[in-house]
Each structure stands twice: as structure tokens, then as C-alpha cells.
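What the coordinates show
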Amino acid sequence: GAVVSQHPSRVICKSGTSVKIECRSLDFQATTMFWYRQFPKQSLMLMATSNEGSKATYEQGVEKDKFLINHASLTLSTLTVTSAHPEDSSFYICSARDRRLKTYNEQFFGPGTRLTVL
Amino acid sequence: AQSVAQPEDQVNVAEGNPLTVKCTYSVSGNPYLFWYVQYPNRGLQFLLKYITGDNLVKGSYGFEAEFNKSQTSFHLKKPSALVSDSALYFCAVRGLTYSGAGSYQLTFGKGTKLSVIP
């Protein structure tokens with residue numbers, strides 16, 4: 001149980017194009033999903049938090065117009081990188097929290113998406 | 001604000017020997033602590049968590065962690081290392097920032113690369 005998938009696992013795009021990354025909770029409903037960015041040999045940096053049906057809350061320094069997050073259902077959140085540039089190349093990871101669990105913020109992580117912008 | 005420190009970038013251990021990956025934390029109030037493991041180009045996998053109760057927490061794959069309140073530490077341990085344990089390990093603490101729907105953010109340490117030598 002508690003499986004989170006991400007699609008695509010790897011994407012290469014040209015500079016200036018937009019890329020959409022999907023995060024799905026496969027066997028549970030996720031009230032909250034988190035989006036992280038990870039640079040090589042570095043830790044995960046939280047980009048934004050999204051609750052189903054609400055606007056995402058972005059961390060300081062993350063451009064909301066560049067990283068569009070939609071959490072339209074309890075099993076799907078999407079991150080769209082708009083007008084991507086090479087510096088947006090990174091490993092993007094989502095996590096989800098099971099609405100049934102009363103435990104203290106146990107998050108289930110997706111396998112990540114490697115974005116390369118040429 | 002909460003923080004997590006993993007003082008070692010890399011830990012090398014011979015197969016069959018005990019391993020320890022160190023973590024110290026700083027947080028207001030009672031700490032909720034987590035360990036995750038990440039294999040190359042993969043998302044994070046949950047290992048174990050400490051919420052309350054017994055200071056020695058047992059988790060997945062034979063790992064355990066010892067919570068020490070006086071030293072504000074939560075070191076990850078395993079009695080006998082396997083080559084397959086080689087990965088990147090992250091310690092995390094639940095933050096105080098409420099994200100809605102019963103969720104809180106996680107703050108991660110920078111990670112420790114564990115290499116188990118055959």
C-alpha cells in the first residue's frame with residue numbers, strides 16, 4: 001500500500017517549452033501533496049505544498065508563475081514547469097500524505113522525475 | 001525554525017560490520033523524526049520514525065534508530081551492514097509549519113552517502 005507514482009520518470013525538453021509532471025497516489029487518497037527539488041548530491045528542498053481543491057503554498061524563492069501546481073483531485077497533483085530553462089534541470093520528487101492516517105505526517109514519496117532542459 | 005544536521009557526507013563500512021549514520025536535530029517542542037533512504041535516481045523510501053515512546057525504534061530492512069533527547073540526536077544503526085544498504089540516507093524532522101489537512105512540512109538533512117564495502 002501507499003504507492004506514489006510520477007510520470008514521466010525522465011524528460012528532456014528544449015529551452016522555452018513547458019513540461020508537466022504528474023504525481024499520483026495509486027492506492028490511497030492524498031489530502032496533501034508536496035513537491036521537492038533535489039540538486040545533485042544535495043538534500044530535498046521543498047518547493048510547494050498543495051492541498052486538494054486549494055491553491056498551492058509556495059516556499060520563499062519559488063516562482064509560482066513558473067512552477068504551476070494543480071491538485072484537482074485526491075489522487076493527482078501536477079507540476080508544470082513553464083518556459084523551462086537549463087537552470088531548471090533537476091530531479092523533482094513529489095510526496096503525498098494519506099488522509100486516512102492519523103500518524104504524524106508520514107509522507108510517501110514518488111520515484112522522482114529527472115528533468116533536463118537543453 | 002527546525003533544522004537537521006547530518007555531520008558526515010559519507011560513511012564507509014565493511015560488509016558485516018555494524019553501521020551508524022548520525023543525525024542531530026533542533027526543533028521546538030516534541031520532535032517527530034524520520035529516516036529515509038534514497039537509491040540512485042529514485043525517490044525516498046521510508047525507513048522508520050520516532051513519535052513517542054521507546055527511544056529505540058525499529059524499522060525496515062533491519063535498521064533501527066536511537067532517540068536521545070539530551071543529545072538531540074537520532075542516529076541510524078544496523079548491526080550488520082549489507083552491500084545492498086549502499087545508498088543515500090536522509091534524516092528529517094517534522095516542522096511546525098502547518099500545511100493544512102493535518103499535514104506538516106518535513107525538513108531534511110543534507111544526506112549521508114553510505115558505502116558498504118564487500
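Residues numbered from 1 in each chain as written. Chains lettered and ligands numbered in written order. Predicted model: local features only at pLDDT ≥ 70, side-chain atom pairs only at ≥ 80, totals over all residues. Heavy atoms only, no water.

The calculated volume of the largest pocket comes to roughly 490 Å³. Surrounding the largest pocket, 19 residues form its lining, Gln38, Pro40 and Lys41 of chain A together with Gln38 and Leu88 of chain B being those nearest its centre. At the level of secondary structure, the elements contributing two or more residues to the lining of the largest pocket comprise strand E10 (87-100) and strand E12 (112-117) of chain B. Considered class by class, the residues forming the lining of the largest pocket number seven nonpolar, seven polar and five charged. As a volume, the second largest pocket reaches approximately 330 Å³. Leu44, Met45, Leu46, Met47 and Glu59 of chain A are the residues nearest the centre of the second largest pocket, which is lined by 17 residues in total. Looking at the lining of the second largest pocket, the elements that each hand over two or more residues are strand E5 (44-51) of chain A together with strand E11 (103-108) of chain B. (1 Å grid on protein atoms, 1.4 Å probe; cavity = no way out; pocket = protein on both sides within 12 Å on 5 of 7 lines; lining within 4 Å. Points joined across faces, edges and corners; volume = space filled by probe spheres on them. Helix = DSSP H or I, 4+ residues; strand = E, 2+ residues; numbered from the N terminus. Nonpolar A, V, L, I, M, F, W, Y, C, P; charged D, E, K, R; others polar.)

What follows covers the pairing of strand E1 (residues 4-7) of chain A. All names here are of chain A. Of the two faces of E1, the one holding Val4 and Gln6 is buried and the one holding Ser5 and His7 is not buried anywhere. In terms of strand pairing, E1 meets strand E3 (residues 19-25) through four bridges, oriented antiparallel. In the sheet register, valine 4 faces E3, and the bridge partner there is serine 25. (Buried < 20%, exposed > 50% of the residue type's maximum accessible area, 1.4 Å probe, protein only. Pairing = 2+ DSSP bridges.)

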